[in-house]
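Observations on the three-dimensional arrangement
Each chain is listed here by its residues.
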Amino acid sequence: MRMIELEKKLGDFHLQIRDLYLAPGRIHGLIGPNGCGKTTLCRLLAGTLIADAGSIDYEGLKPRDITMTAQKPYMLHDSVYKNLVYPLRLRGIRPDETRVEQWLARCGLADKRKQSARSLSSGEQQKLSFARALIFDPQLVIVDETLSNLDPDSTRLFEGWMLERQATRSITWILISHQLPHLFRVCDEIHFLEKGRHLASGTAEQMLLHPANDAVRRFVAEQSVQSW
Amino acid sequence: MADRLFSGFFSDFFSMVGVTDSIRVTLVMSFWSVLISSVLGVLLGLLLQRAQFAGKRIVVRLNRTLMAAPPVVIGLFSYMLLRNKGPLGMLEWVFTIQGMVFAQVLIITPLICGLIHSYAERIAPAVYAFAKTMGATERQTRWLLLREMKNEVYFAVVTGYGRSISEVGAVFLIGGNIKNSTRTMTTTISALKSAGDFEAGIFLGVLLMIMAFIIQCLADHFRKEDTPDEDD
Ligand SMILES: Nc1ncnc2c1ncn2[C@@H]1O[C@H](COP(=O)(O)OP(=O)(O)OP(=O)(O)O)[C@@H](O)[C@H]1O
Ligand SMILES: [Mg+2]
């Protein structure tokens with residue numbers, strides 16, 4: 001996926017991406033300080049926001065193959081189960097009950113399938129929205145800090161899950177997170193944004209362990225004190 | 001003895017002012033006016049949310065004004081339309097339940113439309129973005145928006161119903177407060193008051209209060225189910 005001269009103005013904020021390439025079939029991490037434009041960029045990719053200028057080459061990906069889970073996931077005014085199978089409903093697919101059961105179990109929601117999704121804790125809602133995004137086998141999954149409220153065990157669990165899935169049939173992932181150790185464990189590539197601009201890209205190792213770019217080095221150094 | 005006196009009082013009272021008929025008239029009238037206003041109000045509210053045109057803000061503001069307009073003014077306006085020489089005179093709806101329903105639809109539709117519109121505006125961005133990321137089609141997205149405001153629709157309908165049964169001005173003006181035909185519970189009370197018959201008025205008043213209480217309970221019920229919305 002290639003973004004060229006992509007621009008979006010929101011109030012005083014100005015996102016400008018000269019040229020950014022995201023290789024398909026890989027796990028990409030997006031990092032940068034608060035308000036640098038990570039969510040905005042991803043919303044442009046997911047089509048929930050329209051760019052002012054520039055182009056995105058999806059390399060054959062169709063809008064229906066792209067999904068994004070939000071920082072605060074949207075929960076339907078309905079049960080956990082109905083939320084989970086909603087994307088299947090939209091496509092007229094009958095849910096495969098054993099698979100659904102498996103997803104619920106993984107999210108620790110097996111005995112809450114009838115509960116109202118809005119009454120779940122924020123971590124539970126995040127897990128559910130993650131499962132809901134994957135259940136219809138999309139080709140590009142954008143995860144905007146959706147796993148930020150998970151406990152360490154659950155985070156590991158979901159990481160294992162992603163890598164396992166990636167090993168069998170690889171799709172493209174874009175993860176936004178401030179948890180650098182988490183990104184380091186799963187990402188193939190990391191991209192750094194600052195003030196609406198794309199400053200650097202590289203492998204997880206290059207970017208997080210030996211950053212060449214000064215801004216990245218400063219950012220990573222500050223973060224590692226907090227969470228490494 | 002006391003028993004006979006009591007039942008005697010009640011049968012007199014019921015036939016004198018047509019209490020049973022007034023209850024029937026109120027129920028029939030409010031049923032039709034709320035049904036019609038709900039269909040119109042929900043459709044117009046959703047349409048107003050989706051439509052983008054110059055002057056939309058004026059329309060929204062006019063609608064808000066209508067929401068707060070004194071019913072008696074709407075009653076007068078309806079009367080002008082419906083009277084013999086008026087543009088809708090051929091319907092011959094003055095002094096009929098149809099005429100009262102007509103006026104009430106003009107009062108309640110803006111109320112329901114306004115409630116639906118402002119709620120739809122509030123949740124639409126989140127619902128649209130969600131629908132997009134789930135791969136919903138245009139039609140599926142529209143349907144989702146309506147489904148996501150199910151409770152709000154109930155709430156609006158119940159509010160409209162409360163408005164309908166409690167309203168006096170327009171009903172008086174159009175219906176004419178004719179005993180056994182267009183006399184509603186509220187207009188009965190005002191008639192009784194002029195006749196100095198307070199007990200009967202209080203009886204109907206208490207009945208109306210009980211209905212209002214039930215309606216309020218329903219409205220609260222739908223509001224409560226929606227609260228998780230507010231704090232996220
Ligand atoms: N609708 C809007 N109107 C005005 N400004 C906006 C709007 N949406 C976003 N912005 C601004 O755009 C900037 C980038 O926001 P964005 O959500 O993309 O940041 P982010 O990198 O995801 O930050 P975070 O790490 O906090 O999630 C912010 O400064 C924000 O205030
Ligand atoms: Mg963000």
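In what follows, the structure referred to is the one given above.
The sections below set out a description of the structure shown in this document. No experiment lies behind these values; they were computed from the predicted model shown. (Residues numbered from 1 in each chain as written. Chains lettered and ligands numbered in written order. Predicted model: local features only at pLDDT ≥ 70, side-chain atom pairs only at ≥ 80, totals over all residues. Heavy atoms only, no water.)

**Remarks on the overall build of chain B**
- Within chain B, the regular secondary structure consists of 10 helices and 0 strands.
- In chain B, buried positions account for 44% of the 232 residues.
- Once local pairs closer than 6 in sequence are excluded, the contacts in chain B between residues at least 24 apart make up 75%.
- Of the roughly 12500 Å² that chain B leaves accessible, carbon and sulfur atoms contribute 68%. (Helix = DSSP H or I, 4+ residues; strand = E, 2+ residues; numbered from the N terminus. Buried < 20%, exposed > 50% of the residue type's maximum accessible area, 1.4 Å probe, protein only. Contact = heavy atoms within 4.5 Å. Areas by Shrake-Rupley, 256 points an atom, 1.4 Å probe, with all protein chains shown as cover.)

**With respect to the pairing of strand S8 (residues 189-194) of chain A**
All names here are of chain A.
- The buried count for S8 comes to 5 of 6 residues, which makes it a mostly enclosed element.
- Two strands pair when backbone bridges link them, and strand S3 (residues 27-31) and S8 are joined in this way by 4 bridges, in the parallel orientation. For Ile31, the partnering residue across the bridge sits in S8 and is Phe192.
- As defined by bridge partners, S8 adjoins strand S9 (residues 197-203) across 6 bridges and the pair is classed as antiparallel. Across the sheet, Glu189 pairs through a bridge with Thr203, a residue of S9.
- Here S8 folds back onto S9, and the loop between the two strands holds 2 residues, one of which, Lys195, carries a positive phi near 50 degrees. (Pairing = 2+ DSSP bridges.)

**Brief notes about the environment of Lys85 of chain B**
All names here are of chain B.
- Residue position: Lys85 is located in the loop between helix H4 (71-82) and helix H5 (97-134).
- In this structure Lys85 comes out as exposed when scored by relative accessible area, which is 78%.
- Sequence separation between Lys85 and Tyr161 is 76 residues, and the spatial gap between their C-alpha atoms is 31 Å.

**Some thoughts on the site of ligand 1**
Residues and elements named next belong to chain A.
- Around ligand 1, a shell composed of 13 residues is seen, among which Asn34, Gly35, Lys38, Thr39 and Thr40 lie nearest.
- In the environment of ligand 1, an oxygen atom lies 3.0 Å from a nitrogen or oxygen atom belonging to the backbone of Gly37.
- With respect to ligand 1, the side chain of Thr40 contributes an N or O atom lying 2.5 Å from an oxygen atom.
- In the complex, the protein chains occlude 60% of the 640 Å² of accessible area that ligand 1 would expose alone.
- Of all the elements, helix H1 (residues 38-46) adds the most residues to the shell around ligand 1, at 3 residues.
- The residue inventory of the shell around ligand 1, partitioned by class, reads 3 nonpolar, 8 polar and 2 charged. (Near = heavy atom within 4 Å. Polar contact = N/O pair within 3.5 Å; in protein donor to acceptor, adjacent residues only side chain to side chain. Nonpolar A, V, L, I, M, F, W, Y, C, P; charged D, E, K, R; others polar.)

**A short note on helix H5 (residues 152-168) of chain A**
- With 17 residues, H5 of chain A ought to run about 24 Å at 1.5 Å a step, and its terminal C-alpha atoms sit 25 Å apart, in line with that.
- Contacts from the buried residues of H5 of chain A go to S3, helix H3 (97-106), helix H4 (122-134), strand S7 (172-176) and helix H6 (180-186) of chain A. (Expected span 1.5 Å × (residues − 1).)

**So, the interface of chain A and chain B**
- Contacts between chain A and chain B engage 21 residues on the former and 19 residues on the latter.
- Between chain A and chain B the total buried area reaches about 1700 Å² when both faces are included, carbon and sulfur atoms providing 56% of it.
- On the chain A side of the interface with chain B, the three residues burying the most area are Tyr74, His77 and Tyr86 of chain A, jointly 34% of the side's total.
- On the surface where chain A and chain B come into contact, there are 1 salt bridge.
- Where Arg147 of chain B meets Asp78 of chain A, a salt bridge forms, and the shortest distance between an N and an O atom there is 3.8 Å.
- Linking chain A with chain B are 7 residue pairs in polar contact (both at pLDDT 80 or more), by the criterion used here. (Buried area = accessible area lost by both parts, 1.4 Å probe. Salt bridge = Lys/Arg side-chain N within 4 Å of Asp/Glu carboxyl O.)

Purely spatial values, then, with no claim about function.
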